[in-house]
Amino acid sequence: MTISEQQWQELAQAANKIMTMAYAPYSKFKVGVAGLMDDGRIVVGCNVENASYGIGLCAECGMVSAIHASGGGKLSAVTCVDQHGNSLMPCGRCRQLLWENGSPTTQITTPEGIKTLQEILPQAFGPDDLVERREAR
């Protein structure tokens with residue numbers, strides 16, 4: 001899927017808007033993410049911290065939940081921003097979430113420009129590995 005400049009701008013606006021809703025009283029590091037679905041929907045998420053630190057939710061977790069709550073589908077493009085509106089790379093766990101809810105060709109904005117999930121998560125482990133590598137019965 002070809003992502004237009006206007007769609008990238010819409011994603012950036014949606015990510016920046018939802019970032020303001022983040023709950024980050026401990027780190028003071030707000031994150032927003034917006035994803036363009038294969039059917040044209042835009043889904044968003046923001047980080048939500050917790051006093052126990054380790055069980056906070058990354059913005060991408062919220063977005064993936066919104067994907068499934070709103071009918072599913074596959075991500076075509078993703079933009080993740082920090083509290084200053086700058087492109088932010090998802091953490092490793094979130095790259096895995098994006099991989100399983102997108103495809104190797106899903107595009108993502110990075111501090112180095114637009115890349116595919118394949119480029120930011122080479123040799124990814126996915127659902128197919130669970131089938132192809134499971135123990136024979």
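Up top is the structure these notes are about.
Keep in mind that this is a model prediction, so the values were computed, not measured.

S.K.: If you had to explain the side chain of Thr110 to someone new, which residues and values would you point to?
M.R.: Tracing the backbone shows Thr110 in strand β4 (residues 107–110). Residue class for Thr110 comes out buried when judged on its relative accessible area of 7%. Here Glu112 takes part through its backbone nitrogen, which lies 3.0 Å from a polar atom of the side chain of Thr110.

S.K.: How would you explain the nonpolar core if you had to name every residue and give the values?
M.R.: One finds Met63, Leu75, Val78 and Leu98 to be the most contacted residues of the largest nonpolar core, which totals 17 residues. Taken together, the elements giving at least two residues each to this core come down to β1 (32–37), α2 (59–69), β3 (75–81), α3 (92–101) and α4 (117–120). A per-element tally of this core places α2 first, with four residues. Discounting residues that sit within four places of it in the chain, Met63 has contacts with Val33, Ala34, Gly35, Val43, Val44, Gly45, Leu75, Val78 and Leu98.

S.K.: Which residues make up the pattern of salt bridges, and what values do they have?
M.R.: Any two side chains of opposite charge can pair, given that their charged atoms come close. Evaluation of the coordinates by the stated rule reveals two salt bridges. Asp39 is the partner of Arg41 in a salt bridge, and the nearest nitrogen-oxygen pair spans 2.9 Å. With relative accessibility at 21%, the residue Arg41 sits in the partly exposed group. When the shortest N-O distance is used, the salt bridge between Glu112 and Lys115 registers 3.8 Å. When its relative accessible area of 67% is taken as the criterion, Glu112 is described as exposed.

S.K.: For the state of the cysteines, give the residues involved together with the corresponding values.
M.R.: For the structure shown, the criterion picks out zero disulfides. Here Cys91 is not cross-linked by a disulfide; its sulfur's nearest cysteine counterpart is in Cys94, at 3.6 Å. Residue Cys91 is classed as partly exposed on the basis of its relative accessible area, which comes to 36%.

S.K.: Could you give an account of a nonpolar patch on the surface, naming the residues involved and the relevant values?
M.R.: Residues Tyr23, Tyr26, Val48, Tyr53 and Leu57 make up a contiguous nonpolar surface patch of about 530 Å² in total accessible area. By the secondary structure assignment, Val48 is in the loop between β2 (42–46) and α2.

S.K.: I'd love a proper account of α3, names of residues and values included.
M.R.: Helical geometry note: an α-helix holds 3.6 residues per turn, so side chains three or four residues apart project in the same direction. Every buried residue of α3 is accounted for by Cys94, Leu98, Trp99 and Asn101. Looking at the buried side of α3, the elements it contacts are α2, β3, β4 and α4.

S.K.: Give me the lowdown on helix α1 (residues 5–19), citing residues and values where you can.
M.R.: Compared with the 21 Å implied by 1.5 Å per residue over 15 residues, the 21 Å span of α1 between its first and last C-alpha is a close match. Residues of α1 that are buried include every one of Trp8, Leu11, Ala14, Ala15, Ile18 and Met19, and no others. Along the axis of α1, the buried residues cluster in a sector spanning 135 degrees; they form a single face. Pointing more than 90 degrees away from the buried face of α1 are the exposed residues Glu5, Gln6, Gln13 and Lys17. Of the surrounding secondary structure, the elements contacted by the buried residues of α1 are β1, β2, β3, β4 and β5 (113–116).

S.K.: Before we move on, could you go through the pairing of β4 and cite the residues and values that matter?
M.R.: Alternating residues of β4 divide into Gln107 and Thr109 and Ile108 and Thr110, and every residue in both groups is buried. Taken together, the two bridges between β3 and β4 define a ladder with parallel strand orientation. Pairing of Val78 across the sheet is with Ile108, part of β4. Taken together, β3, α3 and β4 constitute a β-α-β crossover, and its handedness is right-handed. Sheet analysis places β4 next to β5, joined by four bridges and oriented antiparallel. Its bridge partner lying in β5, Gln107 is registered against Thr116. Where β4 hands over to β5, the hairpin turn is made up of two residues, counted between the paired strands.

Cut-off values and rules
- Residues numbered from 1 in each chain as written.
- Predicted model: local features only at pLDDT ≥ 70, side-chain atom pairs only at ≥ 80, totals over all residues.
- Heavy atoms only, no water.
- Helix = DSSP H or I, 4+ residues; strand = E, 2+ residues; numbered from the N terminus.
- Buried < 20%, exposed > 50% of the residue type's maximum accessible area, 1.4 Å probe, protein only.
- Polar contact = N/O pair within 3.5 Å; in protein donor to acceptor, adjacent residues only side chain to side chain.
- Core = buried A, V, L, I, M, F, W, Y, C linked by side-chain atoms within 4.5 Å.
- Contact = heavy atoms within 4.5 Å.
- Salt bridge = Lys/Arg side-chain N within 4 Å of Asp/Glu carboxyl O.
- Disulfide = S-S within 2.5 Å.
- Patch = residues over 30% accessible without salt bridge, like charges linked within 9 Å, V, L, I, M, F, W, Y side chains within 5 Å.
- Areas by Shrake-Rupley, 256 points an atom, 1.4 Å probe, with all protein chains shown as cover.
- Expected span 1.5 Å × (residues − 1).
- Arc of directions from axis to C-beta.
- Pairing = 2+ DSSP bridges.
- Right-handed = clockwise from strand over helix to strand, strands pointing away.

Just distances and angles here, no functional claims.
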